[in-house]
Amino acid sequence: MSKALSKAKGFKKSKSGTYLSMATTAFGAFGVAKQVKKARVEHDTLRLIDAAVSAAAIVTGLALLVRELKRLGDDDVLLG
């Protein structure tokens, strides 16, 4: 396996990869906010519950990524 390919596979466990994952997860909050707005306008309780569960998943995902970021510390794969 080439050196560049092994670095690319390690990107997910790097600080940069973790920040990118956090950004894409946070971007999902826009979709949830849109879903909440639509559910309130239509008075759709089931859709509102779905949006709340999705929001909880986003918060949990971000918390896991922050924990992973703290674990990485100075052991960044792409720097060394």
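Analysis parameters
Residues numbered from 1 in each chain as written. Predicted model: local features only at pLDDT ≥ 70, side-chain atom pairs only at ≥ 80, totals over all residues. Heavy atoms only, no water. Helix = DSSP H or I, 4+ residues; strand = E, 2+ residues; numbered from the N terminus. Buried < 20%, exposed > 50% of the residue type's maximum accessible area, 1.4 Å probe, protein only. Contact = heavy atoms within 4.5 Å. Phe/Tyr/Trp six-rings, centres within 6.5 Å; stacked < 30°, edge-to-face > 60°. Expected span 1.5 Å × (residues − 1). Polar contact = N/O pair within 3.5 Å; in protein donor to acceptor, adjacent residues only side chain to side chain.

Looking now at the overall build of the protein. Across its full length, the protein holds three helices and zero strands. Considering the protein as a whole, with its 80 residues, one finds that 16% of them fall into the buried category. Counting only contacts in the protein whose residues sit at least 6 apart along the sequence, the fraction spanning at least 24 positions is 64%.

What follows is about the packing of aromatic side chains. For the structure shown, the criterion picks out one aromatic pair. For the ring pair phenylalanine 27 and phenylalanine 30, a centre distance of 5.6 Å and an interplane angle of 70 degrees mean the geometry is edge-to-face. Remark: phenylalanine 30 and phenylalanine 27 occur in helix α2 (residues 15–42); sequence separation between them is three residues, near one turn of the helix. A relative accessible area of 60% places phenylalanine 27 in the exposed class. Exposure remark for phenylalanine 30: the relative accessible area of 59% places this residue in the exposed category.

Attention now goes to the environment of isoleucine 58. Following the sequence through the fold, isoleucine 58 ends up in helix α3 (residues 45–72). The class for isoleucine 58 is buried, based on a relative accessible area of 15%. Expressed as a C-alpha distance, the spacing of isoleucine 58 and methionine 22, which sit 36 residues apart in the sequence, is 9.6 Å. With near-sequence residues (within four places) excluded, isoleucine 58 lies in contact with Thr25, Gly28, Ala29 and Val32.

This next bit is on unusual backbone geometry. Not every positive phi belongs to a glycine, and histidine 43 is a case in point at roughly 55 degrees. Along the polypeptide, histidine 43 turns up in the loop between α2 and α3. For histidine 43, a relative accessible area of 70% translates into the label exposed.

Moving on, we come to α3. Along its 28 residues, α3 runs 41 Å from first to last C-alpha, staying within 8% of the 40 Å computed at 1.5 Å per residue. Residues of α3 that are buried include every one of Ala51, Ile58, Leu65, Leu69 and Leu72, and no others. Two or three places before leucine 46, at the opening of α3, aspartate 44 has a side-chain oxygen 3.3 Å from that residue's backbone nitrogen. Where α3 ends, the next residue or the one after it, glycine 73, has phi of about 55 degrees, a positive value.

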